[in-house]
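Survey of secondary and tertiary structure
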Amino acid sequence: TESKHRRCGGDLKTRSTELGSAVAGSPLTVVLPASIFATGKKSIVLSSETRKELAKQAKVTKEGRRAQIDERHKYMISRLADGIGLSEQQVEEAIISDDKFQLIEQFLAPSGLKKLLFFYQDVLQQKLNASLKSDGSTNSLLQKKLFITMGSTENFTGTCAFFLRTSDKVITTSNVSQEVTFGIFDCANGSVLQGLEFFLSQIMIPALKSQQNWGAVKEGLKNSQIQDFLYSVDKFVGTLSSSRQNIEDKIQLTKVNIDIYVSNLENPSDYVTAG
């Protein structure tokens, strides 16, 4: 049993990079991803030395990432803080603690990623505390969390903040505000369709219709192609709204108590008459 315990601790140390972002500030408390506990096996018991080592390596990783933050990152942190309603310190801490931190660098690089997504929503986590029983008992809890995502593996249930870029230029401290577009897509009420409808009707369409510069299209909103485009977007939003309402107003069957209808039926002729 003792050797198995040591081997388990050793395996965890080799995965310290993945687990590092999940370690809380205190070395006595470790927050582990729920996937670790989804195997159906008994909970893992971490030794005090393992917890301290994980906390140490996590701190080194976070401070290394903090040293990489420049004006480009600060611009994005500021936009996220304003859009989501967190402090810049909270956003910075969430970013440098995220195991997908490298996606930010890939987004800022020449010919880099065209989009960078952040979800801010409730996330189920498993909390393992040193003060718990030696059997490794855990508590499941929902915590509001800001994290970087590709948008393909996590369910979207809260707020999505996104950065977009349309050119292959390297993003610098001097052009980040011109080359990078920021937006918020809210699904906090649980309806993705309603969130998309609101985003298009209340944000994108008014912005497009107030656009003064359409690039090579000198006549702007008077151009027939621009008018056709805006008409198509308006029509799409109308169809989206209609579809959403149809889904929300779907037919719901209720259970009917038939006892009141059959209680007085005593013989076959009564049933024939009732039919």
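Whatever comes next refers back to the structure up there.
Just so you know, these numbers come straight off a predicted model, no measurement behind them. (Residues numbered from 1 in each chain as written. Predicted model: local features only at pLDDT ≥ 70, side-chain atom pairs only at ≥ 80, totals over all residues. Heavy atoms only, no water.)

1. As for the environment of C187
Along the polypeptide, C187 turns up in the loop between β5 (180-186) and α8 (192-209). Separated by 29 residues in the primary sequence, C187 and G158 place their C-alpha atoms 4.9 Å from one another. Excluding residues that lie within four positions of it along the chain, C187 makes contacts with F156, T157, G158 and V192. (Helix = DSSP H or I, 4+ residues; strand = E, 2+ residues; numbered from the N terminus. Contact = heavy atoms within 4.5 Å.)

2. Observations regarding helix α3 (residues 48-68)
Quick reminder: α-helices carry 3.6 residues per turn. Residues three or four places apart thus point the same way. For α3, spanning 21 residues, the distance from its first C-alpha to its last is 31 Å, which sits close to the expected 30 Å at 1.5 Å a residue. Within the sequence span of α3, burial applies to T50, R51, L54, A55, A58, K62 and R65. Around the axis of α3, the buried residues are gathered within 130° of arc, so they sit on the same side. Turned more than 90 degrees from where α3 packs its buried face, E49, K52, K56, K59, V60 and A67 sit exposed. (Expected span 1.5 Å × (residues − 1). Buried < 20%, exposed > 50% of the residue type's maximum accessible area, 1.4 Å probe, protein only. Arc of directions from axis to C-beta.)

3. What about the pairing of strand β4 (residues 159-165)?
Most of β4 is tucked away, with 6 of its 7 residues classed as buried. Taken together, the 7 bridges between β4 and β5 define a ladder with antiparallel strand orientation. Residue pairing in the sheet places F163 in a bridge with F182 of β5. (Pairing = 2+ DSSP bridges.)

4. Observations regarding the environment of D99
Position of D99 relative to the elements: it lies in the loop between α5 (88-96) and α6 (102-108). A sequence separation of 48 residues divides D99 from F147, and the C-alpha atoms of the two residues are 9.0 Å apart.

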